[in-house]
Amino acid sequence: MIPFGDLRAEFGEIGPEIHGAVNRVLESGWFVLGEEVRAFEEEFSSFVGVNHAVGVGNGTDAIQLALQALGVGAGDEVITAANTCVPTLTGICATGAVPRLVDVTADTLVMDYGSLEKAITDRTKAIVPVHLYGHPCPMSSIMAIAGNKNLVVVEDCAQAHGATLGGKQCGTFGHTAAFSFYPSKNLGAYGDGGAVVTSDQAVADKVTSLRNYGQTERYYHDDPGVNSRLDEIQAAILRTKLPYLKKWNERRRELASRYTEGLKNTPLTIPVEEPGAESSWHLYVVRTSNRDGLQQHLKDKGIGTVLHYPVPIHLQKAFAAMGYVKGDFPASEQACDEVLSLPLYPYMPEEHVDTVVKAIREFFG
Ligand SMILES: Cc1ncc(COP(=O)(O)O)c(C=O)c1O
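Conventions adopted
- Residues numbered from 1 in each chain as written.
- Predicted model: local features only at pLDDT ≥ 70, side-chain atom pairs only at ≥ 80, totals over all residues.
- Axes fitted to C-alpha atoms, helices over the stretch in contact; angles between N-to-C directions.
- Helix = DSSP H or I, 4+ residues; strand = E, 2+ residues; numbered from the N terminus.
- Parallel < 35°, antiparallel > 145°, perpendicular 65-115°, else oblique.
- Left-handed = near helix turned anticlockwise from the far one by under 90°.
- Contact = placed C-beta atoms within 7 Å.
- Buried ≥ 20, exposed ≤ 12 C-beta atoms within 10 Å, placed from the backbone.
- Arc of directions from axis to C-beta.
- Near = placed C-beta within 6 Å.
- Nonpolar A, V, L, I, M, F, W, Y, C, P; charged D, E, K, R; others polar.
- Pairing = 2+ DSSP bridges.
- Domains from an automatic or database assignment.
- Core = buried A, V, L, I, M, F, W, Y, C linked by C-beta atoms within 7 Å.

Caption draft 1: Geometry of the packing of helix α10 (residues 291-300) against helix α12 (residues 350-364). Running from amino to carboxyl end, α10 crosses α12 at an angle of 130°, the nearest separation of the two axes being 10 Å. One way to sum up the angle between α10 and α12 is to call them oblique. Considering the relative orientation of α10 and α12, their crossing is right-handed. Each of Leu294, His297 and Leu298 in α10 lies in contact with α12, whose residues at this interface are Ala359, Ile360 and Phe363.

Below, the structure written as C-alpha cells:
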C-alpha cells in the first residue's frame, strides 16, 4: 500500500515536541488569542517576509477577511481562476461580492494573466490569484494589471507555503495573502487554522478586529465581524512545525525531481516550474487523456491518488448563478479531465516514488 499522504510518520519524528507544546497550552489555562497565537503570528510573518500575520480559523475565512479588510463587499466583483478548489470561491462569496472567473495557462495551470484584463469590469474590485499545487502565479504581470485598474490583490497561498518567485515568497506580492493550515498543507495544524498576512498595518488591524466580532477594544465593536480565531493549541503546534517547513519543502522538491526523472519519456505531461519560480510542491500533478484508466491501474496496485480537481468551478452546481457554460474555460476543463495527483509528502520513502513510477511505466507498456 502506498497512501496518497500520511501524517503519522511526521508525528513519529516530532511527537515529543508536539506533546510539549500542547501541554504548555493546557497548563497555561489560556486557550483563545493568547501568547502562542501572538508568537506564531510574529514567527510566521517573519518566515513569509511581511510585517504582519493574523491567525484566523481556516484558509477560507482568511480569504474572506483579507478581502473585507481591503473594502470588498456586496456589489463588487472579484476575479479568480476557474481551476481552483471551491473554498477560494466560498471565501469570496462570504464577503457578498460576486466571483468572476478567468482561465488558466495550459502549462502551469495557474491564472492566465492574458485573460485577466478582459474579465475586468467597472464593478471589479479585487483579484485572487491562486498559487495552485504550490506553483506561483505570474505575480508581476498580475500586479501590473491590478495597479493600472486600481484593484486590490489577495494571494491565495493555501498551497504555497514557502513557494518563491524571483527569490521572493508567495504572500509578499499582493496587498494581502491568505494561508490555510489544514493538516495536509505544507505547514499544517492538527485541526483547522489559517492566517492573513500583509505589510499594511491598517489591513492587519482590520483583520484582527474582524476575526473577533469586529471588536476594537473590549466590548466596543466597529463591525459585526465574525468569530474566526486561530486557537492557542493549534498555534503552539504550528510554532513547533514552522522550523521544519524549509526542510520538508526541500524533501518535497527532491521527491518531485525523482518523479520527474523517472517519468521522462512516458506519454504523461509532467509538472513544470516557470523560470524564476520555485514551487512548494504541495502536489505533484501529472496529466494524461487516459487519466481514469491510470488512476484505476494505480488503485489496483494499492497506490492512492487524488483528483485536484474533477470539476472546474464554472461547472459546479453551487456556482451556476455565475452564468458560465461548458466551453467557457477550455484549459481548466481539460485540466479537470486529465489531472492526477501522485502521492507526495515529506516522509514518503524514495522507494515508494520508484514503485509509483514503475507502476505508471507498466500502464503505458
Ligand atoms: C487553494 C485553496 N484555497 C483555499 C483553501 C481553504 O482552506 P481551508 O480548508 O483551511 O479553509 C484551500 C484548502 O482547502 C485551498 O487548497
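Caption draft 2: Quick peek at helix α6 (residues 139-149). When we look at burial in α6, the residues that qualify are Met139, Ile142 and Ala146. Across the axial projection of α6, the buried residues extend over an arc of 65°, all falling on one side. Summarising the geometry of α6, the exposed residues directed more than 90 degrees from the buried face are Ala144, Gly147 and Asn148. As for α6, its buried residues are in contact with α5 (113-119), β4 (124-128), β5 (152-156) and β6 (164-165). With its phi angle positive at about 60°, Asn150 sits one or two positions after the end of α6.

Caption draft 3: Inspection of the site of the ligand at higher detail. Every one of the 15 residues lining the ligand counts as a neighbour, but Gly59, Thr60, Pro87, Ala158 and Ser180 are closest to it. Among the elements of the structure, α3 (59-69) and α4 (86-94) are those that each provide at least two residues to the shell around the ligand. Split by residue class, the shell around the ligand holds five nonpolar, eight polar and two charged.

Caption draft 4: Fine view of the pairing of strand β1 (residues 52-56). In terms of residue burial, β1 counts as a mostly covered element, since five of its five residues are buried. Examined bridge by bridge, β1 and strand β9 (residues 194-198) share five bridges and lie antiparallel to one another. Considered in β9, the bridge of Gly55 is made with Ala195.

Caption draft 5: Spotlight on the sheet that holds β5. Taken in spatial order, the seven strands make up an open sheet running β1-β9-β8-β5-β4-β2-β3, and their pairing is mixed. Across the chains shown, the open sheet's two edge strands, defined by having one partner strand only, are β1 and β3 (98-102). In this sheet, adjacent strand axes meet at a mean angle of 25° when their direction is disregarded.

Caption draft 6: Quick look at the pairing of β9. Taken across its five residues, β9 has five buried, putting it largely inside the fold. By the alternation rule, side chains of β9 split into Gly194, Val196 and Thr198 and Ala195 and Val197, which are all buried. Relative to β9, strand β8 (residues 176-180) runs antiparallel, the two being bridged by four bridges. By the bridge assignment, Ala177 is partnered in β9 with Val197.

Caption draft 7: Examining the domain arrangement of the chain more closely. Its domain assignment divides the chain into domain 1 (8-102 + 109-243) and domain 2 (245-364). Placing the centre of domain 1 and that of domain 2 at their C-alpha centroids yields a distance of 24 Å. At the interface, 28 residues of domain 1 touch 30 residues of domain 2. Elements that contribute at least two residues to the side of domain 1 that touches domain 2 include exactly α1 (8-28), α4, β3 and β6.

Caption draft 8: Geometry of the nonpolar core. Within the largest apolar cluster, 101 residues are counted, with the highest numbers of intra-cluster contacts made by Ala66, Leu67, Met111, Ala126, Val154, Ala178 and Val196. Top contributing element to this core by residue count: α3, with six residues. Setting aside its immediate chain neighbours within four residues, Ala66 contacts Val154, Thr176, Ala178, Val196 and Val207.

Caption draft 9: Examining the sheet that holds strand β12 (residues 277-278) more closely. The sheet built from three strands is open, its strands ordered β7-β6-β12 with antiparallel pairing. The outermost strands of the open sheet, each flanked by one partner alone, are β7 (168-169) and β12. As defined by bridge partners, β6 adjoins β12 across two bridges and the pair is classed as antiparallel. Within β12, the residue paired with Leu165 across the bridge is Ala277.

Caption draft 10: The packing of helix α2 (residues 35-48) against helix α8 (residues 232-241), seen in detail. One can describe the packing of α2 onto α8 by two numbers: an axis separation of 8 Å at closest approach and a directional angle of 40°. By the angle between their directions, the pair α2 and α8 is classed as oblique. Note that α2 runs across α8; the crossing there is left-handed. Between α2 and α8, the contacting residues are Glu36, Val37, Ala39, Phe40 and Glu43 on the first element and Glu232, Ala235, Ala236, Leu238 and Arg239 on the second.

Caption draft 11: Quick look at the environment of Val339. Note that Val339 resides in strand β14 (residues 339-342). Residue classification places Val339 among the buried positions, given that 24 C-beta atoms sit within 10 Å.

Caption draft 12: Broad picture of the environment of Pro346. Note that Pro346 resides in the loop between β14 and α12. Sequence separation of Pro346 and Glu362 is 16 residues, and the distance between their C-alpha atoms is 26 Å. Dropping the residues within four chain positions of it, Pro346 is found in contact with Glu10, Trp248, Arg251 and Arg252.

Caption draft 13: A look at the environment of Ala318. You can see Ala318 is positioned in the loop between α10 and α11 (330-338). A count of 11 C-beta atoms within 10 Å places Ala318 in the exposed class. Sequence spacing of Ala318 and Leu89 is 229 residues, and the spatial spacing of their C-alpha atoms is 9.9 Å.

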